[in-house]
Amino acid sequence: MNFELNENQRMIQQMVRDFGAKEITPFRKEWDDNQEFPIQLFKKLGELGLMGVLVPTEYGGSGFGYFEYVTAIAELAKLDPAISLSMAAHNSLCTGHIMMFGSEEQKQQYLPKLATADWIGAWGLTEPNTGSDAGNMRTVAVKDGDYYVINGAKNFITHGKSGNVAVVIVRTGEVGDSHGMTAFIIEKGTPGFSAGRKEDKLGMRASETTELIFEDCRVHKSQMLGAEGEGFIQAMKILDGGRISIAALSLGIAEGALEASIAYSKERHQFNQPISKFQAISFKLAEMATKVEAAKLLTFQAADLKNRGQKMTSEGAMAKYFASEVSVEVSTEAIQIFGGYGYTKDYPVEKFYRDSKLCTIGEGTSEIQKLVISRGLLK
């Protein structure tokens, strides 16, 4: 694997930095305070090609690979992790599911709208009482002629309210049967399909998280992704790529916290010298930087395997597990370096600190990643 940034990565890096300085940084505190999902910002990200990074050009996307995708997520996360999270969820979950498992007709119908952010996408697997125990999901679809009637609820759904379309995995067979679940594309406005309560979150507050509610929601069989019973298997493959997304998000948070800490340590003076001169600070920076580099290598290793179409379940889990833990550790140390100022909202590190914790939970907790890794080792 070539560790140097390619031309596309450098272009994306600079584009995101220039765009973010005008469109994100001045407003991130307002969005965070008000828990506002800035949907118009995502329309602009769509114009830049960042809402369809992996979508082939024939469907209106940018046609890039996972190196460019990781770079885009990480650079956005340095500016505002919540914006990066929504961009990643849109790309890897809803859009990615349709791109990987949709029919040609479904791809033609939905990918151009999603790739340009004309439509915002959501993805529904988690339920209130099942969490990672997807096999026991209670949202059920019953066949009725050419339609399926869906009843139940999903929670912790990114863009559940503002999304124009959602890919939802529901139970069509027996509880606990991995071949008893099916994925459907459901458009906003479909009778019986609505958004429920919006979560009031600790961090990632500009990324919308709500319930999805289904009350006798009738969905035509043409909206099914793949065949009946394939939904769980599809979801597991989607989550493989999703782990790279969260690893990249975690990497960006850690890099942002490290860069802020380095800059502050040079500016902040104590005892007539910058605090970077003290070993207590410089050693922290050294440890932080080493962990960030290790997280970067794991993340790009998983991205490289994904680019080459090779199996990367364990490698993706390793990247997600390690990078997410590093994002928490580095943002915690950043607070220490900033001292009392780090505990205020005058500096960005308190937001990195709050936002980082989601990375150890989203797309499966760190404990679940360890389970995935160990299963791969013990096969």
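Residues numbered from 1 in each chain as written. Predicted model: local features only at pLDDT ≥ 70, side-chain atom pairs only at ≥ 80, totals over all residues. Heavy atoms only, no water.

## Some details on the side chain of Thr360
To be explicit about the condition: Here a strand is any run of E in DSSP of at least two residues, a helix any run of H or I of at least four, and the numbering for each starts at the N terminus. Each residue gets one of three labels from its accessible area relative to the maximum for its type: buried under 20%, exposed over 50%, partly exposed in between, using a 1.4 Å probe on protein chains only. Residues are treated as being in contact if the distance between any of their heavy atoms lies within 4.5 Å.
Tracing the chain through its elements places Thr360 in the loop between helix H10 (349–359) and helix H11 (366–378). Classification of Thr360 as buried rests on a relative accessible area of 6%. Discounting chain neighbours no more than four positions away, the residues touching Thr360 are Lys320, Ser324, Glu325, Val328, Thr365 and Ser366.

## A few points about H10
Burial analysis of H10 places eight of its 11 residues in the buried class, which makes it a mostly covered element. Those residues of H10 lying buried are Val349, Glu350, Lys351, Phe352, Arg354, Asp355, Ser356 and Cys359.

## Structural notes on the nonpolar core
We apply this condition: For the purposes of this section, nonpolar cores are sets of buried Ala, Val, Leu, Ile, Met, Phe, Trp, Tyr and Cys residues that join through side-chain atoms within 4.5 Å.
Within the largest apolar cluster, 65 residues are counted, with the highest numbers of intra-cluster contacts made by Ile83, Met87 and Leu249. Mapped by element, the contributors of at least two residues to this core are helix H1 (7–23), helix H3 (39–47), helix H4 (66–79), helix H5 (81–101), helix H7 (231–267), helix H8 (279–307), helix H9 (313–338) and H10. A per-element tally of this core places H7 first, with 12 residues. With residues up to four places along the chain from it excluded, the contact list for Met87 reads Phe42, Leu50, Met51, Val53, Tyr69, Ala72, Ile73 and Leu76.

## Let's talk about the packing of H5 against H7
The following threshold applies: Axes here mean lines fitted to C-alpha atoms, for a helix over just the part in contact, with angles spanning 0 to 180 degrees between N-to-C directions. In what follows, roughly perpendicular refers to angles from 65 to 115 degrees, roughly parallel to angles under 35, roughly antiparallel to angles over 145, and oblique to any angle outside these ranges. Working rule for handedness: look at the near helix, and if it is turned counterclockwise from the far one by less than a right angle, call the crossing left-handed; if clockwise, right-handed. Gly is put with the polar residues, along with every residue not named as nonpolar or charged; the nonpolar set is Ala, Val, Leu, Ile, Met, Phe, Trp, Tyr, Cys and Pro, and the charged set is Asp, Glu, Lys and Arg.
Between H5 and H7, the least distance of the axes is 10 Å, while the angle of their chain directions is 160°. Considered as vectors, H5 and H7 are oriented roughly antiparallel to each other. Note that H5 runs across H7; the crossing there is right-handed. Where H5 approaches H7, its residues Pro81, Ser84, Leu85, Ala88, Ser92, Leu93, Gly96, His97, Met100 and Phe101 are matched on the opposing element by Gln234, Ala235, Lys237, Ile238, Gly242, Ser245, Ile246, Leu249 and Ile253. Looking at the contact of H5 with H7 residue by residue, the classes come out as 11 nonpolar, seven polar and one charged.

## Description of the environment of Gly226
Note on placement: Gly226 falls in the loop between strand S8 (224–225) and H7. The partly exposed category is assigned to Gly226, whose relative accessible area is 40%. Distance from Gly226 to Met100, taken between C-alpha atoms, is 9.8 Å for residues 126 residues apart in sequence. Apart from residues lying up to four places away in sequence, Gly226 is in contact with Phe101 and Gln234.

## A word on the side chain of Gln234
Of note, Gln234 is situated in helix H7. Setting aside chain neighbours within four positions, we find Gln234 in contact with His97, Phe101, Ala183, Leu225 and Gly226.

## Things to note about a nonpolar patch on the surface
Put simply, the rule is: Grouping into patches uses exposed residues only, defined as over 30% relative accessible area, and leaves out salt-bridged ones; the cut-off is 9 Å for like charges and 5 Å for nonpolar side chains (Val, Leu, Ile, Met, Phe, Trp, Tyr). Only the protein chains shown count as covering a residue, and every accessible area follows the Shrake-Rupley method with a 1.4 Å probe. What counts as a salt bridge is simple: a side-chain nitrogen of Lys or Arg found within 4 Å of a carboxyl oxygen of Asp or Glu.
There is a patch of nonpolar side chains on the surface, built from Met1, Phe3 and Leu297 and spanning about 330 Å² of accessible area. Inspection of the secondary structure puts Leu297 in helix H8. Look at Leu297 and you get partly exposed, because its relative accessible area is 45%.

## Focus: the pattern of salt bridges
Taken as a whole and judged by the stated rule, the model has 23 salt bridges. One salt bridge in this structure joins Arg354 and Asp32, with 2.7 Å as the shortest N-O distance. Of this pair, Arg354 sits in helix H10 while Asp32 is found in helix H2 (residues 28–34), placing the two residues 322 residues apart along the sequence. Overall, Arg354 belongs to the buried group, its relative accessible area being 13%. Residue Lys284 pairs with Glu333 through a salt bridge whose shortest N-O separation is 3.0 Å. With Lys284 in helix H8 and Glu333 in helix H9, this residue pair connects regions lying 49 residues apart in the sequence. Residue class for Lys284 comes out partly exposed when judged on its relative accessible area of 22%. A residue is classified by how much of its surface remains accessible, and Glu333, at 22% relative accessible area, is partly exposed. Bridged by salt links that share partners, the residues Arg17, Glu75, Lys78, Glu255, Glu259, Glu293 and Lys296 form one connected network.

## Some details on the environment of Glu58
Tracing the chain through its elements places Glu58 in the loop between H3 and H4. Accessibility expressed as a relative area gives 58% for Glu58, which makes it exposed. For the pair Glu58 and Pro112, spaced 54 residues apart in sequence, the C-alpha to C-alpha distance is 8.6 Å.

## A few points about the packing of H1 against H4
Between two packed helices, both the angle of their axes relative to each other and the distance between the axes serve to describe the pair. It is at 9 Å that the axes of H1 and H4 come closest, and there the two elements cross at 25°. Viewed along their axes, H1 and H4 adopt a mutual orientation that is roughly parallel. As H1 runs across H4, the sense of the crossing is right-handed. Facing Asn8, Gln9, Ile12, Gln13, Val16, Arg17 and Gly20 of H1, the residues of H4 in contact are Phe67, Glu68, Thr71, Ala72, Glu75, Leu76, Lys78 and Leu79. Considered class by class, the residues forming the contact of H1 with H4 number six nonpolar, five polar and four charged.

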